[in-house]
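Examination of the molecular architecture
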Amino acid sequence: MLVKNIHSLVTCDDHNRVLHDVDLLIENGIIKAIGNNIIGHPEDTLIDGRQLLVYPGLINTHHHFFQSLVRNRVDLDWSQLSLLQWLQSIYPIFAKMDEECIYQATIIALAELIKSGCTTAFDHQYNYSKNAGSRVIDRQFEAAQLFGIRLHAGRGTNTLPMHEGSTIPDLMCETTDQFIDDCERLIGRYHDPRWGSMRQVVVAPCQPINCYPETFREAAALARAHDVSMHTHLGEGEKAALQARSGLSSIDWCIKQDFFGPTCWYAHGWEFSEPEIEQLASSNTGISHCPAPVFLVGAEITNVSYMQRQGLRLGLGVDGAASNDNSNLAECLRSAYLLQCLKAKELSYPIAEAREYLTMATRGSAACLNRPDLGQLKEGLCGDFFAINCDRLEYAATLHDPMALPVKVGINGPVDLTVINGRIVWQNGEFPYLDEAQLVARATEVANALMAR
Ligand SMILES: [Zn+2]
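Residues numbered from 1 in each chain as written. Predicted model: local features only at pLDDT ≥ 70, side-chain atom pairs only at ≥ 80, totals over all residues.

When its secondary structure is counted, the protein chain shows 14 helices and 16 strands. Whereas a compact globule of 453 residues would reach a radius of gyration of roughly 22 Å, the protein chain reaches 21 Å, a difference of no more than 12%. Seen through its principal axes, the protein chain has C-alpha atoms that stretch 65 × 55 × 45 Å. For the protein chain, the residues scored as buried account for 52% of the 453 residues in total. The long-range fraction of contacts in the protein chain, counting pairs at least 24 apart against all pairs at least 6 apart in sequence, stands at 77%. (Helix = DSSP H or I, 4+ residues; strand = E, 2+ residues; numbered from the N terminus. Rg over C-alpha atoms; globule rule 2.2 N^0.38 Å. Buried ≥ 20, exposed ≤ 12 C-beta atoms within 10 Å, placed from the backbone. Contact = placed C-beta atoms within 7 Å.)

Further remarks concern the pairing of strand β11 (residues 264–268). On a regular strand, one side chain projects to one face of the sheet and the next to the other, so that they alternate. The element β11 is largely enclosed, with a buried count of five among its five residues. Direction of pairing for strand β10 (residues 230–234) relative to β11: parallel, over a ladder of five bridges. Considered in β11, the bridge of Thr232 is made with Tyr266. Across three bridges, the pairing between β11 and strand β12 (residues 286–289) is parallel. Bridge pairing in β12 places Trp265 opposite Gly286. (Pairing = 2+ DSSP bridges.)

Accessible area lost during the coming together of the parts is what is often quoted as the interface size. In terms of domains, the protein chain is made up of domain 1 (2–56 + 376–427) and domain 2 (58–368). Put simply, the middle of domain 1 and the middle of domain 2, counted by C-alpha atoms, are 29 Å apart. Domain 1 puts 25 residues into the contact, and the matching count from domain 2 is 24 residues. By residue class, the composition of the side of domain 1 that touches domain 2 is 16 nonpolar, six polar and three charged. (Domains from an automatic or database assignment. Nonpolar A, V, L, I, M, F, W, Y, C, P; charged D, E, K, R; others polar.)

Glancing now at the packing of helix α4 (residues 176–190) against helix α5 (residues 213–226). As a packed pair, α4 and α5 sit with axes 10 Å apart at the nearest point and diverge in direction by 15°. The orientation of α4 relative to α5 falls into the category roughly parallel. In this structure, the crossing between α4 and α5 has a hand that is right-handed. Facing α4, whose interface residues are Thr176, Phe179, Ile180, Cys183, Glu184 and Ile187, α5 presents Glu214, Thr215, Glu218, Leu222 and His226. (Axes fitted to C-alpha atoms, helices over the stretch in contact; angles between N-to-C directions. Parallel < 35°, antiparallel > 145°, perpendicular 65-115°, else oblique. Left-handed = near helix turned anticlockwise from the far one by under 90°.)

Of note, the phi angle at Asn284 is positive, near 55°, even though the residue is not glycine. Looking at the secondary structure, you find Asn284 in the loop between α8 (274–283) and β12. Taking the C-beta count within 10 Å as the criterion, Asn284 has 16 such neighbours and is therefore assigned partly exposed. Backbone geometry places Ala397, a non-glycine residue, at a positive phi of 70°. Tracing the backbone shows Ala397 in the loop between β14 (385–389) and α13 (405–408).

Now for the pairing of strand β7 (residues 118–125). With eight of eight residues buried, β7 lies mostly within the body of the structure. Of the strand pairs in this sheet, strand β6 (residues 58–60) and β7 are connected by three bridges, and their pairing is parallel. Looking at β7, one finds that Asn60 is bridged to Ala121. As defined by bridge partners, β7 adjoins strand β8 (residues 150–155) across six bridges and the pair is classed as parallel. Counted as the bridge partner of Ala121 is Leu151 from β8. Once the chain exits β7 it traverses helix α3 (residues 136–147) before rejoining the sheet at β8, and the crossover so formed is right-handed. (Right-handed = clockwise from strand over helix to strand, strands pointing away.)

Attention now moves to the environment of Gly315. Checked against the element boundaries, Gly315 lands in strand β13 (residues 314–316). The spatial distance from the C-alpha of Gly315 to the C-alpha of Leu358 is 9.8 Å, given a sequence separation of 43 residues.

So, on to the nonpolar core. In globular proteins that are soluble, nonpolar side chains generally tend to be buried together. Counting 135 residues, the largest nonpolar core has Leu24, Val54, Leu110 and Leu333 as the members making the most contacts within it. Here this core spans two domains, and each of domain 1 (2–56 + 376–427) and domain 2 (58–368) adds at least three residues to it. For Leu110, the contacting residues outside a window of four places in its chain are Ala121, Ala143, Ala144, Phe147 and Ile149. (Core = buried A, V, L, I, M, F, W, Y, C linked by C-beta atoms within 7 Å.)

Turning to the environment of Met451, a few remarks are in order. When you line up the elements, Met451 lands in helix α14 (residues 436–452). In this structure Met451 comes out as exposed when scored by C-beta crowding, with 11 C-beta atoms within 10 Å. A sequence separation of 189 residues divides Met451 from Pro262, and the C-alpha atoms of the two residues are 41 Å apart.

Axis separation between helix α2 (residues 99–115) and α14 bottoms out at 9 Å; the angle between their running directions is 135°. Taken together, α2 and α14 sit at an angle that is classed as oblique. Along this stretch, α2 crosses α14, giving a crossing that reads as left-handed. In this structure, α2 contributes Glu100, Cys101, Gln104, Ile107 and Ile108 to the contact, and α14 contributes Leu439, Arg442, Ala443, Val446 and Leu450.

Here we come to α5. Compared with the 20 Å implied by 1.5 Å per residue over 14 residues, the 20 Å span of α5 between its first and last C-alpha is a close match. Taken together, the buried positions of α5 are occupied by Thr215, Phe216, Glu218, Ala219, Ala220 and Ala223. Considering only its buried residues, α5 is in contact with α4, β9 (199–203) and β10. Just downstream of α5 lies Asp227, where phi reads positive at about 55°. (Expected span 1.5 Å × (residues − 1).)

Written out as structure tokens, the structure is:
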């Protein structure tokens, strides 16, 4: 693929360079050259870049695809619900989901991610009810292949029954052995650690409060033995209960189970104090910041600015539909920034510049997923990018800082082009080779059948 005469190419490299009137050549999925007057091969897909602002593909570091079938519900008013009330109303629906429900929910989530410039998606799948069966991640890889997106599949679980203090219905509990065995199966079958990998497996028990400690200990041992990443929810409201149960802070609890470090990242972290953030930085444990749930259900504003100052591996996430009714990662760029602006008044130091939020969703997210081959537009890295057409009134008079544009101005509507692994997966409002209307009809049918159960 050759993109000619790009209006502005935002690299997100070490110097945050923005290049103008350059060409971008991608060969075999890898960026071969960025420069002037590049000559490609006659068979290359040729794209006219004169009106395009080109960015590294966004990387989503936290989601629960399966929740996408349960959105915009009249009975769920976030502003009036405690977390426990929410769980009680939503989990009976989750427990009824079968494999096809989770497949269709995955289709919905992936489509919206791609439309919002996402090129690599992580999913935290922890819905293993008796109805869902054990092959849901296999189906998710199938869905990712349909769209051509990179997928990091988090194999989640809940093992603690309700009578021992869990908040998850027993129908959605597994044993630690079931969980570990399936992780091993998935790693053996799907995990590809190579440069340019399209699919990886992450060992990801749901959260400490709903699992036995040994689930986390064995998960960490397995992840380390196979050199795969690990992930869980932390600092998202469990602090007091976990302290009462174990006498430990959330981070210390995870350290005790060996579930931390450079191959590990946690979702949320809005409960972490400054010393705890320093503790995360010193062990090089990452955080996925999901702004939407902070607005909807979070008790406090995540101290992202302090995390940035401490040089944490910090990525961006949309989170599942249980605390964000959409999967629009571009929207999160702007809301993450606005949220810190709200907090800025109470800080004794300035918050990061707007452009750093783009870095969070690209290089930062890539660091969370341990993907040095993603997150920048640079020779030798993966050919993943999205582009917007700058010839629109909503972007008029904003082009002097293309890097901050998606953060401060925001991306209005779907992006114009998404390319993954050197292949067009979304262009001018269409998924090439896919019939979107047909996909909508099938997802709607499955969602309606679920609600009627
Ligand atoms: Zn989550």
